[in-house]
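Listed below, chain by chain, are the residues.
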Amino acid sequence: MAHDAIARAIEATLFASEEPLSVDHLAAHLGDLEKGPVREALRDLKAHYEGRGIALVERGKRWHFETAPDMAHLLRREKEQVRRLSRAATEVLAIIAYHEPVSRAEIESIRGVQTSSGTLDVLMEAGWIKLAGRREVPGRPVIYATTPEFLDHFGLGSRRDLPGVDELKAAGLLDPVDDAFEEAMDAAGSSDEDADASSDDAGDAGEASEDEAGSAVP
């Protein structure tokens, strides 16, 4: 099949599809084509649609058409109701995104507090996390991972696009109270060490005084 024919076939398939499709799915759907020509056609289509009212995007290695971000306001018919995640849900989602696949016990170990099943249920209902099997350890705990919907919602091509620690701090998304707490704990640790050293010195001084007193007794 010629390159232009492959591009037109992919364009028609993605336009009619109800869900994003991977390169493997597209290649199989179009008669078991080689993946190389499919990827090349996708790149050309993506370039073709740049700057237009719709865009061809890749999210989690799956391709689909979506409205250009600057045109989205024209399609809204009603005001969206913003649902904010609780602090606990936000922390759990971040831990799963950066450490996946991860078990509930591992999440709790990182957070330092117990995680309710309701928090995980909220994230699963939102479609942002999923069950990813079981850890092959005693008890075989369930492990969790993010979904393509998570990448799509936050505009990420893959987990490699997640911001780093420096970027999060620069954006003000890391709680400065946490940093202050860590500094305070470090300072407290230093104080304890000084106090221990002082106690040892005082003990040594006491022993010396007792020795001197003992030698003065006839």
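These numbers come from a predicted model, not from an experiment. (Residues numbered from 1 in each chain as written. Predicted model: local features only at pLDDT ≥ 70, side-chain atom pairs only at ≥ 80, totals over all residues. Heavy atoms only, no water.)

### A word on the overall build of the protein chain
Basically, it comes down to this: Helix and strand assignments follow DSSP, with helices taken as H or I runs no shorter than four residues and strands as E runs no shorter than two, numbered in order from the N terminus. Exposure is judged per residue with a 1.4 Å probe applied to protein chains only, and the accessible area is read against the type maximum: over 50% gives exposed, under 20% gives buried, and values in between give partly exposed. By definition in these notes, contact holds between two residues if any of their heavy atoms fall within 4.5 Å. Using the Shrake-Rupley algorithm and a 1.4 Å probe, accessible areas are obtained, with residue cover drawn only from the displayed protein chains.
The helix and strand inventory of the protein chain stands at nine helices and six strands. Per-residue burial over the protein chain gives 24% buried out of 218 residues. A separation of at least 24 residues holds for 46% of the contacts in the protein chain among residues at least 6 apart in sequence. Carbon and sulfur atoms make up 51% of the accessible area of the protein chain, which amounts to about 15,200 Å² in all.

### Overview of the side chain of T115
By secondary structure assignment, the location of T115 is in the loop between α5 (104–111) and α6 (117–125). Once you skip the residues sitting within four places of it in the chain, T115 turns out to touch V92, R104, I107, E108 and L120.

### Thoughts on the pattern of salt bridges
To keep it simple, the criterion reads: We define a salt bridge as a contact between a side-chain nitrogen of Lys or Arg and a carboxyl oxygen of Asp or Glu at a distance within 4 Å.
Applying the stated criterion across every chain yields a total of 10 salt bridges. For R59, the salt bridge goes to E66, with nearest N and O atoms at 3.6 Å. The exposure class of R59 is buried, given its relative accessible area of 17%. Taking the shortest distance from any N to any O, the salt bridge between R111 and E91 comes out at 2.9 Å. Highlighted residues: R111 in helix α5 and E91 in helix α4 (residues 87–99), separated in sequence by 20 residues. A residue is classified by how much of its surface remains accessible, and E91, at 27% relative accessible area, is partly exposed. Look at the salt bridges and you will find they share partners, linking R59, E66 and D152 into a network.

### Thoughts on the nonpolar core
Just so we agree on the cut-off: To form a nonpolar core, buried Ala, Val, Leu, Ile, Met, Phe, Trp, Tyr and Cys residues must be joined to one another through side-chain atoms within 4.5 Å.
Grouped together as the largest cluster of nonpolar side chains are 19 residues, with contacts concentrated most on I10, L14, L26, V38, L42 and L56. Where this core is concerned, the elements lending two or more residues are α1 (3–16), α2 (23–29), α3 (35–49) and β3 (62–67). Beyond its immediate chain neighbours, meaning those up to four positions away, L14 contacts L21, L26, L42, L56, W63 and F65. One finds L93, I95, I96 and I129 within the second-largest nonpolar core, a separate group that totals 17 residues.

### Description of the packing of aromatic side chains
So the rule is basically this: Planes of paired rings set the category: under 30 degrees apart is stacked, over 60 is edge-to-face and the rest tilted, where pairs are Phe, Tyr or Trp rings (Trp by its six-membered ring) whose centres lie within 6.5 Å.
Applying the stated criterion across every chain yields a total of three aromatic pairs. Each ring, one from F150 and one from F154, has its centre 5.1 Å from the other, and the planes form 55 degrees; the classification is tilted. We classify F150 as buried; its relative accessible area is 4%. By the ring-pair criterion, three or more aromatic residues cluster together here, those being W128, F150 and F154.

### Looking at the sheet that holds strand β1 (residues 21–22)
To summarise the sheet geometry, strands pair through backbone hydrogen bonds and adopt either a parallel or an antiparallel arrangement. Stated formally: When DSSP finds two or more bridges between a pair of strands, those strands are recorded as paired. Where helices are involved, their axes are fitted lines through C-alpha atoms of the stretch in contact, as for all axes, and angles between N-to-C directions lie from 0 to 180°.
Taken in spatial order, the three strands line up as β1-β3-β2 in an open sheet, and their pairing is antiparallel. Looking along the sheet, the strands with just one partner apiece sit at the ends: β1 and β2 (54–59). Sheet analysis places β1 next to β3, joined by two bridges and oriented antiparallel. Pairing of S22 across the sheet is with R62, part of β3. This element, α1, spans β1, β2 and β3 of the sheet and lies at about 70 degrees to β3. Lying over the sheet, α3 contacts β2 and β3, oriented at roughly 140 degrees with respect to β2.

### Section: the confidence of the model for the protein chain
So the rule is basically this: pLDDT is a per-residue confidence score from the predictor, ranging from 0 to 100.
The predicted model of the protein chain averages 78 in pLDDT, with 72% of residues at 70 or higher. Low pLDDT, under 50, characterises residues 176–182; the predicted model gives this stretch two contacts beyond four residues in sequence or across chains.

### Some words on the sheet that holds strand β6 (residues 142–146)
Overall, antiparallel pairing links the three strands, which are arranged β4-β6-β5 in an open sheet. Edge positions in the sheet fall to β4 (102–103) and β5 (129–134), since each has one partner strand and no second. Pairing of β5 with β6 involves four bridges; the strand directions are antiparallel. Along β6, the bridge assignment pairs R134 with V142. Along the sheet, α4 makes contact with β4, β5 and β6, crossing β6 at roughly 90 degrees. Contacting β5 and β6, α6 runs over the sheet at an angle of about 115 degrees to β5.

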